[in-house]
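The lines below spell out each chain.
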Amino acid sequence: MSSSLSLQFKFLHLSPNLASLPFQPPLPPRQSIHFGNRTKLELKASSSSSSSSSSSSSSKKRRSASDAERGIDPAGFLTKLGISHKAFAQFLRERHKALKDLKDEIFNRHLNLKEMASGFEILGMHRHVEHRVDYMEWAPGARYCALVGDFNGWSPTENCAREGHFGHDDYGYWFVILEDKLREGEKPDELYFQQYNYIDEYDKGDSGLTIEEIFKKANDEYWEPGEDRFVKNRFELPAKLYEQLFGPNGPQSIEEMGEIPDAETRYRAFKEEHKDDPPGSRPPFDVIDNGKNYDIYNIAGDPVSYENFKAKKPPIAYWLETRKGRKAWLKKYAPGIPHGCKYRVYFNTPSGPLERVPAWATYVLPDAEGKQGFAIHWEPPPECAYKWKNPSPKVPVSLRIYECHVGISGSEAKVSSFNEFTEKVLPHIKDAGYNAIQLIGVVEHKDYYTVGYRVTNFYAVSSRFGTPDDFKRLVDEAHGLGLLVFLDIIHSYSAADEMVGLSLFDGSNDCYFHTGKRGQHKYWGTRMFRYGDPDVLHFLLSNLNWWVVEYHVDGFHFHSLSSMMYTHNGFASFTGDFEEYCNQYVDRDALMYLILANEILHALHPNIVTIAEDATSYPGLCEPTSQGGLGFDYHVNLAVSEMWLSLLENAPDHEWSMSKIVSTLIGNRHYADKMLIYAENHNQSISGGQSFAEILFGKISEHSSGSKDLLLRGCSLHKMIRLITFTLCGRAFLNFMGNEFGHPERIEFPMPSNDFSYSLANRRWDLLGNGVYQNLFSFDKNMMKLDENERVLSRSFPDIHHVNDSSMVISFIRGPLLFIFNFHPTASYERYVVGVEEAGEYQAILNTDEEDYGGQGLIEESQYLQRTISRRADGLRNCLELPLPSRTAQVYKLKRILRI
């Protein structure tokens, strides 16, 4: 449960549709929020449009003009890239119009998009200041809603939603109040709206003052002498005037009454009579009547009284003094639902009664001891709740991401915990030179063997790794080490589980998901969200914001976007024709959700990082949403790891194509500065396959005579593959846990096929100090230092000037650095000629063949400094003649420029 207090009155919790609440004051004209590029919120009021066609037409013209003024072009990125495709451009314009209509629908129920993405503030279980807990859930298909759990003996009638709109609204949001229980011998609160401070100053206790004493104290201290006279006795002046005119001592006839002076004269006479009274007892304003019928009085204020009025603050402090502390609450009340209590939500539906784990639950045991799952009420005492210590680090220009799975991060054959990961793995990541971690499998999932990709509870951290506070500590300690924390988020589908998942949540098949075949993933058996439904968007967008607000995560890796962007779930052949990105198989609602997600995240959290994983290379992934893009910061080049895996498994070393390697690594040149790249991630070793090290080294032993050549080959290719992938292109690099030192074993989660064995569900950290594994780790560590010191990833697109398929040599220049790779399995070159533009001295700063990295040390130290020759090569003005042993790579840095 969120630790934030809910300060609104009782009725403000009935529905996120605030306009439908009772006692809601009249709202101003509906306001819409336009999210500009990344960081700016622009608030504009829009009047309701006329129903006539002429008004509609002029409204469209005004809107289009407004879009142009704000720099919005629904197909702008196509123009920028020089792409002309009428069908796709028209699709982008229609999508933009549909998005505006969707926002209008959202603003009919929410004040702005921030409120739309903050559903976690009222939905789920929340402590209220008025000694109670409020619970809200969306279940439009239910007829009755109640909470059941240990706190009420699992009774479906004791804590239920009230009848009518006090219990649910027209959109299907249910509201249940769990009143705290008055302890024996205690009397109810004197003040009906008595509030208790559960968090701040939790040890304050009761001040001992009664309500009457606090109000008297407010009157005595707040008002100046005589200042509250006219507040308390507002009819004093009219009563005196009436007595003068019509009282027993007043005139008895019209003749005796005479002419009544005008208001100004009477008022001036009154002021003269009371000029010696204390200042607080005199009226602070002069009211002047000009004598005209229906005239509006001119009010001339007394400057001194006016300044005093402006300086006076509302007496909120006295009202807050009526709020009692946590100790007073514990003395008088027992929690209606204690911390750590098990509970579920009970629905009565057309298909019968059912129980579900709440969709907004923040702590869940999905399958405890083989029984049905349940939620855990998480409300630790303030003195025990985790307190944040470290701010989030600044986002670096280049990202070196370490991908992790907490459960397999230990050396033992068991499920590791958040605390073990914090204490043992985080220091290793920092020492290895990475500046960000990406966590997979953190969001709650029922089946461990799914690696966390079949999420059941989107707002809960996985209980098998620890508590919510344990995860907060992990993130906080990572921030303290200067590491960003990214979360692998799965909003492209959901687990098909019913008790702990969202499937058939309220008994209907279309609550969160599509019905029929559209609601089922084509191959994985998971459920597909209805992204066009405002309440589903409310759930998903709030979920993204929740992880940032509650757990301070710094970014999201959006998993398997192709599953959600196409009705065929991405399982179709793509040729790259733009028609494939705008035909009938494209889910426009899913694309609009991704646009909203990026707009809201970057507006609310300007330093957030979003990464798109899409196997279909959808156009505009990383373009601004104002120009027709989806708004991501990075996209993943998935083809690189597949290429390396194919070469290692299927192609002999001498048949490797250098041209193919380079073209695959470059990917789409237009988005090179937005590309995240990796040689291998968890897919290679988790999804039934093998890691590169397992393919290269196999079961060989470095001490056997026939294995030394195989070890040398494996070690050399492992370093070269990682180095060229790291340096050739992209501004972000990702490595999966253990691959930096060539982890020799695949990962296999416990499942029926292996008798639920944990023997391969761990990491062999003990190998870090042994032989080839230590060599590989030393090289990877220095490779990370290369980027830290020379800013390799953040530099502009490299000049790839030498790609030779016959000699199997690749060379390119990136900034002041020259990279050269010899992939030939047997051929070494004593004086290999490569071109450079700048004449000068080049110093080798990284060499894969060094003995410390498991190489042979064939390049002598005296050869590390090379001077250019004034001869054209590779289209450049100068050249170098470099020693280049087989299966080695070197990095040279221009140390001194020679002027000729």
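What counts, and at which threshold
- Sequence order as written defines residue numbering, which begins from 1 separately in each chain.
- This being a predicted model, a pLDDT of at least 70 is required before a residue's local features are given, and a value of 80 or more before pairs of side-chain atoms are given or counted; all residues contribute to the totals for chains, interfaces and linings.
- Water and hydrogen atoms play no part in the side-chain values, which are based on all heavy atoms of the structure.
- A helix here means a DSSP run of H or I that spans at least four residues, while a strand means a run of E at least two residues long, and both kinds are numbered starting from the N terminus.
- Buried residues are those whose accessible area, probed at 1.4 Å on protein chains only, stays under 20% of the maximum for their type, while exposed residues exceed 50% and partly exposed ones sit between those limits.
- Note on contacts: a residue pair is in contact if any heavy atoms of the two residues lie within 4.5 Å.
- Should DSSP find at least two bridges between two strands, the strands are taken to pair.
- Salt bridges are counted wherever a side-chain nitrogen of Lys or Arg sits within 4 Å of a carboxyl oxygen of Asp or Glu.
- To obtain each axis, a line is fitted to C-alpha atoms, and for helices this fit is confined to the stretch in contact; angles are then taken between N-to-C directions over 0 to 180 degrees.
- Here a polar contact means two N or O atoms within 3.5 Å. Within protein one must be a hydrogen donor candidate and the other an acceptor candidate, and residues neighboring in sequence count only if both atoms are side-chain atoms.
- Only buried Ala, Val, Leu, Ile, Met, Phe, Trp, Tyr and Cys residues count toward a nonpolar core, and they belong to the same one when joined by side-chain atoms within 4.5 Å.
- pLDDT: the predictor's confidence for each residue, scored from 0 to 100.
- Roughly parallel here means an angle under 35 degrees, roughly antiparallel means over 145, roughly perpendicular means 65 to 115, and every remaining angle is called oblique.
- By the definition used in this description, the sense in which the near helix is turned from the far one sets the handedness, with an anticlockwise turn below a right angle giving left-handed and a clockwise turn giving right-handed.
- Residues are grouped as follows: nonpolar covers Ala, Val, Leu, Ile, Met, Phe, Trp, Tyr, Cys and Pro; charged covers Asp, Glu, Lys and Arg; every other residue, Gly included, is treated as polar.
- The span expected for a helix works out to 1.5 Å for each residue beyond the first.

A. Region of the structure containing the overall build of the protein chain. Each helix and strand counted, the protein chain has 23 helices and 32 strands in total. By residue count, 52% of the 900 residues in the protein chain fall in the buried class. Pairs at least 24 apart in sequence give 72% of the contacts found in the protein chain among residues at least 6 apart.

B. Representation of the pairing of strand β3 (residues 124-128). Of all 5 residues in β3, 5 are buried; the element is thus mostly enclosed. Alignment of β3 against strand β4 (residues 132-138), held across 5 bridges, turns out to be antiparallel. Within β4, the residue paired with Met125 across the bridge is Tyr135. Between β3 and β4, which pair antiparallel one after the other, the connecting turn spans 3 residues, and His131 there sits at a positive phi close to 40°.

C. The arrangement of the pattern of salt bridges in detail. A full pass over the atoms with the stated rule returns 35 salt bridges. One salt bridge in this structure joins Lys414 and Glu420, with 2.8 Å as the shortest N-O distance. A relative accessible area of 31% places Lys414 in the partly exposed class. Overall, Glu420 belongs to the partly exposed group, its relative accessible area being 22%. Put simply, Arg871 and Glu881 hold a salt bridge, and the shortest N to O gap is 3.4 Å. Note that Arg871 is positioned in the loop between β30 (865-867) and β31 (878-884) and Glu881 in strand β31, a separation of 10 residues in sequence. With a relative accessible area of 37%, Arg871 lands in the partly exposed category. Residue class for Glu881 comes out buried when judged on its relative accessible area of 18%.

D. Representation of the sheet that holds strand β6 (residues 173-179) within the structure. With antiparallel pairing, 3 strands are arranged side by side in an open sheet as β3-β4-β6. Each having just a single partner strand, β3 and β6 make up the two edges of the open sheet. This sheet shows a mean twist of 20° between the axes of neighbouring strands, independent of strand direction.

E. Unusual backbone geometry, seen in detail. Even without a glycine there, the phi angle at Ser617 is positive, about 55°. Structurally, the position occupied by Ser617 is in the loop between β21 (609-612) and β22 (634-636). Relative accessible area serves as the criterion here: at 53%, Ser617 is assigned to the exposed category.

F. Up close: the side chain of Asp633. Its place among the elements puts Asp633 in the loop between β21 and β22. There is a polar contact of 2.8 Å between the side chain of Asp633 and the side chain of His602. One polar contact links the side chain of Asp633 to the main-chain amide nitrogen of Thr610, over a distance of 2.9 Å.

G. Structural view of the nonpolar core. If you look at the biggest cluster of nonpolar residues, it comprises 193 residues, and the most contacted ones within it are Ile437, Tyr512 and Trp644. Excluding residues that lie within four positions of it along the chain, Tyr512 makes contacts with Glu137, Trp138, Ala359, Trp360, Leu502, Phe505, Met528, Phe529, Arg530, Val536 and Phe539. Listed in part, the 17 residues of the second largest apolar core include Ile813, Ile820, Ile859 and Leu880.

H. Summary view of the sheet that holds strand β23 (residues 675-677). The sheet built from 8 strands closes into a barrel, its strands ordered β15-β16-β19-β20-β21-β22-β23-β24 with parallel pairing. If you compare each strand with its neighbour and ignore which way they point, the axes differ by 25° on average. When strand β15 (residues 399-405) meets strand β24 (residues 732-736), the two strands line up parallel, connected through 5 bridges. Looking at β24, one finds that Tyr402 is bridged to Asn735.

I. Spatial organisation of the confidence of the model for the protein chain. With 83% of its residues at a pLDDT of 70 or more, the protein chain has an overall mean of 85. Scored below 50 in pLDDT, residues 1-56 shows 121 contacts in the model against residues more than four places distant or in partner chains. Considering only residues more than four positions removed or in separate chains, one finds that residues 59-64, a stretch of pLDDT under 50, has 1 contact.

J. A look at the packing of helix α13 (residues 418-432) against helix α14 (residues 468-480). Across the interface, α13 lies against α14 with an axial gap of 8 Å and an inter-helix angle of 15°. As judged from the angle between their axes, α13 and α14 are roughly parallel. Between α13 and α14 lies a crossing of left-handed hand. Judged by residue contacts, Phe418, Asn419, Phe421, Thr422, Glu423 and Leu426 of α13 engage Asp470, Phe471, Arg473, Leu474, Glu477 and Ala478 from α14. Looking at the contact of α13 with α14 residue by residue, the class counts come to 6 nonpolar, 2 polar and 4 charged.

K. Highlighting helix α22 (residues 708-728). Here α22 spans 30 Å end to end across 21 residues, near enough to the 30 Å set by a 1.5 Å rise per residue. Burial within α22 is extensive, with 16 of its 21 residues counted as buried. One or two positions beyond α22, positive phi appears at Gly730, with a value near 95°.

L. Just α14, in detail. End to end, α14 covers 18 Å across 13 residues, agreeing with the expected 18 Å (1.5 Å per residue, within 8%). Among the 13 residues in α14, 10 count as buried, and that is most of the element. Buried-residue contacts for α14 involve α13, β16 (436-440), β18 (455-461), β19 (484-489) and α15 (534-551). At the C-terminal side of α14, Gly482 shows a positive phi close to 85°.

M. Expanded view of the packing of helix α18 (residues 639-650) against helix α19 (residues 658-666). As a packed pair, α18 and α19 sit with axes 8 Å apart at the nearest point and diverge in direction by 155°. One finds that α18 runs roughly antiparallel with respect to α19. For the crossing formed where α18 meets α19, the hand is left-handed. Contacts from Ala639, Val640, Met643, Trp644 and Leu647 of α18 reach α19 at Lys660, Ile661, Thr664 and Leu665. The residue inventory of the contact of α18 with α19, partitioned by class, reads 7 nonpolar, 1 polar and 1 charged.

N. Representation of the pairing of β21. On β21, burial covers both faces: Val609 and Ile611 on one face and Thr610 and Ala612 on the other are all buried. Bridge count for strand β20 (residues 555-558) against β21 is 4 bridges, and the pairing is parallel. Across the sheet, the residue bridging to Gly555 is Val609, located in β21. In terms of strand pairing, β21 meets β22 through 2 bridges, oriented parallel. Each bridged residue has a counterpart across the sheet, and for Ile611 the counterpart in β22 is Tyr634.

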